Amino acid sequence: MSRRRVVGVVTALVCVTVVALGTRVSEESADYAVHRAPLGVLVDYDAGRAGVDAVEVGTRLVRNGQVTAQTTGVFVALRLHVQAPGTEEVRFQQVALLAQGSTSYAGYGLGSTVGAEPGFETTRLVLFEVSPGRITDLTFEGRNTKIVSGFHQRLQVHLGITAANAAGWAAAAQGREIAYEADEVTRGLG
């Protein structure tokens, strides 16, 4: 076999391997653990701890005293805490609110990546715009979408909005402002 032919065969094998690996890496892994946390409690997540400790609802977002956005729906603001007490960064690259059925709301405006560097805690207000008729059983879900990993983790926090109190939450949001002065606060753990 000529040298040129051997190089061609090796190149073809490399290309097939790269395509196969790329397909595997880009597929959502079914191998993940869900860490469920009650509202107000930090739980183990990835190499640290994370949780949601506050829920606010409103129809207007205010920054530096100015209304920056309004909705006919409901803005839901969550205060998300991420701690990295060890030597690894802890990060959420995707955040969403899951509603009954298959409804999922993506983060609104401020960006959805939240993380803490080793030895630090980060707190961020994460915003979502939702339909007032679809807020029953809202659950925060955050996850890190590492490119190469055989096992993923997800944090889920039920917000306490049930069928019995959803109308009250939607009514409470009407005309209410949510202030978001600082996007993110980071402080050392110690």
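Note that the structure is predicted; figures quoted are calculated from it, not measured. (Residues numbered from 1 in each chain as written. Predicted model: local features only at pLDDT ≥ 70, side-chain atom pairs only at ≥ 80, totals over all residues. Heavy atoms only, no water.)

### Examining the overall build of the protein
Here is step 1 of the chain: The secondary structure content of the protein amounts to two helices and 13 strands.
Here is step 2 of the chain: Across the 190 residues of the protein, 37% fall into the buried class.
Here is step 3 of the chain: A total accessible area of about 10,400 Å² is found for the protein, and carbon and sulfur atoms account for 54% of it. (Helix = DSSP H or I, 4+ residues; strand = E, 2+ residues; numbered from the N terminus. Buried < 20%, exposed > 50% of the residue type's maximum accessible area, 1.4 Å probe, protein only. Areas by Shrake-Rupley, 256 points an atom, 1.4 Å probe, with all protein chains shown as cover.)

### As for the nonpolar core
Here is step 1 of the chain: If you look at the biggest cluster of nonpolar residues, it comprises 34 residues, and the most contacted ones within it are Val-76, Leu-78, Leu-97, Leu-138, Phe-140 and Leu-155.
Here is step 2 of the chain: No other element matches strand 4 (residues 66-84), which puts six residues into this core.
Here is step 3 of the chain: Among residues more than four places away in sequence, those in contact with Val-76 are Val-55, Glu-56, Val-57, Leu-97, Val-126, Leu-127, Phe-128, Val-130, Leu-138 and Leu-159.
Here is step 4 of the chain: Judged by nonpolar contacts, the second largest core, of eight residues, contains Ala-69, Phe-75, Ala-77 and Ile-178. (Core = buried A, V, L, I, M, F, W, Y, C linked by side-chain atoms within 4.5 Å. Contact = heavy atoms within 4.5 Å.)

### Some thoughts on the pairing of strand 4
Here is step 1 of the chain: Bridge count between strand 3 (residues 48-63) and strand 4: 13 bridges; the pairing is antiparallel. Each bridged residue has a counterpart across the sheet, and for Gly-58 the counterpart in strand 4 is Phe-75.
Here is step 2 of the chain: In this structure, the hairpin formed by strand 3 and strand 4 is closed by a connection of two residues, where Asn-64 is found at a positive phi of approximately 50°.
Here is step 3 of the chain: Bridge count between strand 4 and strand 9 (residues 120-130): 11 bridges; the pairing is antiparallel. Note that in strand 9 the partner of Val-74 across the bridge is Val-130. (Pairing = 2+ DSSP bridges.)

### Focus: helix 2 (residues 166-173)
Here is step 1 of the chain: For helix 2, the set of buried residues is Ala-166, Ala-170 and Ala-173. Down the axis of helix 2, the sector holding all buried residues measures 60°, keeping them to one side. Turned more than 90 degrees off the buried face of helix 2, the exposed positions are Ala-167 and Ala-171.
Here is step 2 of the chain: Looking one or two residues beyond helix 2, the residue adopting positive phi is Gly-175, at roughly 75°. (Arc of directions from axis to C-beta.)

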